[in-house]
Amino acid sequence: FTGNVGLNPGLHIYLEHSNEVWNSSFLQYTWNLLAAEDEVGKGGSVLNNDGDTNQYDWAYRRHIKRLYEIAQIFQSVFGSGSLNTTIRPVYTWWQLDEGSGSNAANALAWFKNTYGPPSNYFYAMAQGDYFTAANYANDTTIPEVLSDMQATSNASVTYVQKNLATAQQ
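For the structure given in this document, a descriptive report is provided here. (Residues numbered from 1 in each chain as written. Predicted model: local features only at pLDDT ≥ 70, side-chain atom pairs only at ≥ 80, totals over all residues. Heavy atoms only, no water.)

Thoughts on helix 2 (residues 55-78)
An α-helical turn contains 3.6 residues, so any two residues separated by three or four positions project in the same direction.
For step 1, the next point in the chain: In a regular helix each residue adds 1.5 Å, so 24 residues correspond to 34 Å; helix 2 covers 34 Å between its end C-alpha atoms and thus fits that length.
For step 2, the next point in the chain: Residues of helix 2 that are buried in the fold lie against strand 1 (13-15), helix 1 (27-42), strand 2 (87-93) and helix 3 (103-115).
For step 3, the next point in the chain: Two or three places before Y56, at the opening of helix 2, N54 has a side-chain oxygen 2.7 Å from that residue's backbone nitrogen.
For step 4, the next point in the chain: Two residues or fewer past helix 2, G79 is found with a positive phi of approximately 95 degrees. (Helix = DSSP H or I, 4+ residues; strand = E, 2+ residues; numbered from the N terminus. Expected span 1.5 Å × (residues − 1). Contact = heavy atoms within 4.5 Å. Polar contact = N/O pair within 3.5 Å; in protein donor to acceptor, adjacent residues only side chain to side chain.)

As structure tokens, then:
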């Protein structure tokens, strides 16, 4: 609520399209997958504009496309020049699945071919890193856990850098 005076000009709006859309343990994963299948099934969708027949690729693409569409709606309200300044869309993904056939890298490459450089439309990329608390004993120390968390995060840096390079092309 802004008291009908609008957003304080010093504030920013950060946008994310749902939470953990890549995580099949959550309902939003299934909902997004079904929505992508439905969209392609109706015909004329950009989700398969390259002939891709993999419904999971469509779902990953739908996730990034929806962020783009939501950002466009906000920009239409806040005006030209508000995208990536006042309105800050953040493309989020789980980085640990990355590799040569990574879902995030493929979605970013598709987005680039469909809409243009992702860096023109997204303020930032965010990653979700997880680690497995394997072989911990009752006497595991906090520094040991933090060390494991840092090692897991550091292991994904190469993949994050590859995705960032794709986004900036």
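Considering the nonpolar core
For step 1, the next point in the chain: With 27 residues, the main nonpolar core has L15, I64, Y91, F111 and F122 as its most contacted residues.
For step 2, the next point in the chain: Looking at this core, the elements with two or more residues in it are strand 1, helix 1, helix 2, strand 2 and helix 3.
For step 3, the next point in the chain: Examining the composition of this core, we find that eight residues originate from one element, helix 2, more than from any other.
For step 4, the next point in the chain: Excluding anything up to four places from it in sequence, F111 contacts I64, Y68, G116, P118, Y121 and F122. (Core = buried A, V, L, I, M, F, W, Y, C linked by side-chain atoms within 4.5 Å. Buried < 20%, exposed > 50% of the residue type's maximum accessible area, 1.4 Å probe, protein only.)

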